[in-house]
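Residues per chain are reported as follows:
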Amino acid sequence: MILVSACLLGENVRYDGGNSHNEELLEVLKGREIVPICPEVAGDLPVPRPPSEIVGGDGKDVLAGRAGVMSVEGEDLTAAFIKGARKVLEGLDRQEVEFAILKAKSPSCGVDRIYDGQFKGQLRQGPGVTAAYFMNMGIEVYTEEELDKIKIN
Ligand code: SF4
């Protein structure tokens, strides 16, 4: 099975109540067993919700307790982000997970770049919280911008 950010599949789970439907991705995944995931909804955050960014590091730093996730309104959402990252894997057989395709630049799902915590639209290197958690669990992670790298059999 392939874990896929639900917003990429057209589910309206983004912070702004919309989605990031990606037709090319759907075409690539045709006929494959996919499991939609949205860590922020799994962490009991509402839709819509204020935008949030990782402050003081990346997702690895959040998992290590060295950084946090803040909403633009100043609410500390660190616990919800960590809870969501864990929850999306609950009940799944890890051995059955081939890899994950996650939404680029999200504070949860971003894989190699995320917003830098200043809410100014600037990016920094590093994964979001769920991508970092998946990496720790040995799950390969890609974004929808890397479809050429994905081996679909
Ligand atoms: S990027 Fe991830 S956390 Fe954000 S809406 Fe999409 S699936 Fe949910």
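That block above? That's the structure.
Given the structure is predicted, the values throughout are model-derived calculations rather than measurements.

Rules of the game
Residues numbered from 1 in each chain as written. Predicted model: local features only at pLDDT ≥ 70, side-chain atom pairs only at ≥ 80, totals over all residues. Heavy atoms only, no water. Near = heavy atom within 4 Å. Nonpolar A, V, L, I, M, F, W, Y, C, P; charged D, E, K, R; others polar. Core = buried A, V, L, I, M, F, W, Y, C linked by side-chain atoms within 4.5 Å. Buried < 20%, exposed > 50% of the residue type's maximum accessible area, 1.4 Å probe, protein only. Helix = DSSP H or I, 4+ residues; strand = E, 2+ residues; numbered from the N terminus. Contact = heavy atoms within 4.5 Å. Axes fitted to C-alpha atoms, helices over the stretch in contact; angles between N-to-C directions. Parallel < 35°, antiparallel > 145°, perpendicular 65-115°, else oblique. Left-handed = near helix turned anticlockwise from the far one by under 90°.

Novice: Is there a simple way to think about the site of the ligand in this case?
Specialist: In the vicinity of the ligand lie 14 residues, with Cys 7, Cys 38, Glu 40, Lys 103 and Cys 109 positioned nearest. The residue makeup of the shell around the ligand, split by class, is 7 nonpolar, 3 polar and 4 charged.

Novice: I would appreciate a short explanation of the nonpolar core in the present structure.
Specialist: Burial of nonpolar side chains together is a common tendency in soluble globular proteins. Membership of the largest hydrophobic core comes to 29 residues, with the highest contact counts inside it found for Leu 3, Leu 102, Val 129 and Phe 134. Elements that contribute at least two residues to this core include exactly β2 (34-37), α4 (78-87), β5 (99-102) and α5 (129-136). Leaving out residues up to four positions away in the same chain, Val 129 has contacts with Ile 54, Gly 59, Val 62, Leu 63, Val 69, Phe 81, Ile 82, Ala 85, Pro 107 and Ser 108.

Novice: Just checking my understanding: could you explain the packing of α4 against α5 for this structure?
Specialist: Axis angle and axis distance: for two packed helices, these are the angle between their axes and the distance between the axes, and together they describe the pair. For the pair α4 and α5, the least separation of the axes is 9 Å and the interaxial angle reads 45°. Taken together, α4 and α5 sit at an angle that is classed as oblique. α5 is crossed by α4, and the crossing has right-handed handedness. For the pair α4 and α5, contact is made by Phe 81, Ile 82, Ala 85 and Arg 86 and by Val 129, Thr 130, Tyr 133 and Phe 134, respectively.

Novice: Help me understand unusual backbone geometry in this model?
Specialist: Excluding glycine, a negative phi dihedral is what most residues carry, and trans is how most peptide bonds are arranged. Here the amide bond leading from Val 47 into Pro 48 is cis, since omega sits at -5°, within 30 degrees of zero. The phi dihedral of Lys 105 is positive, around 75°, even though this residue is not glycine. Tracing the sequence through the fold places Lys 105 in the loop between β5 and β6 (113-115). The phi angle at Phe 119 is positive, at roughly 55°, despite the residue not being glycine. Within the secondary structure, Phe 119 is located in the loop between β6 and β7 (123-125). The class for Phe 119 is partly exposed, based on a relative accessible area of 29%.

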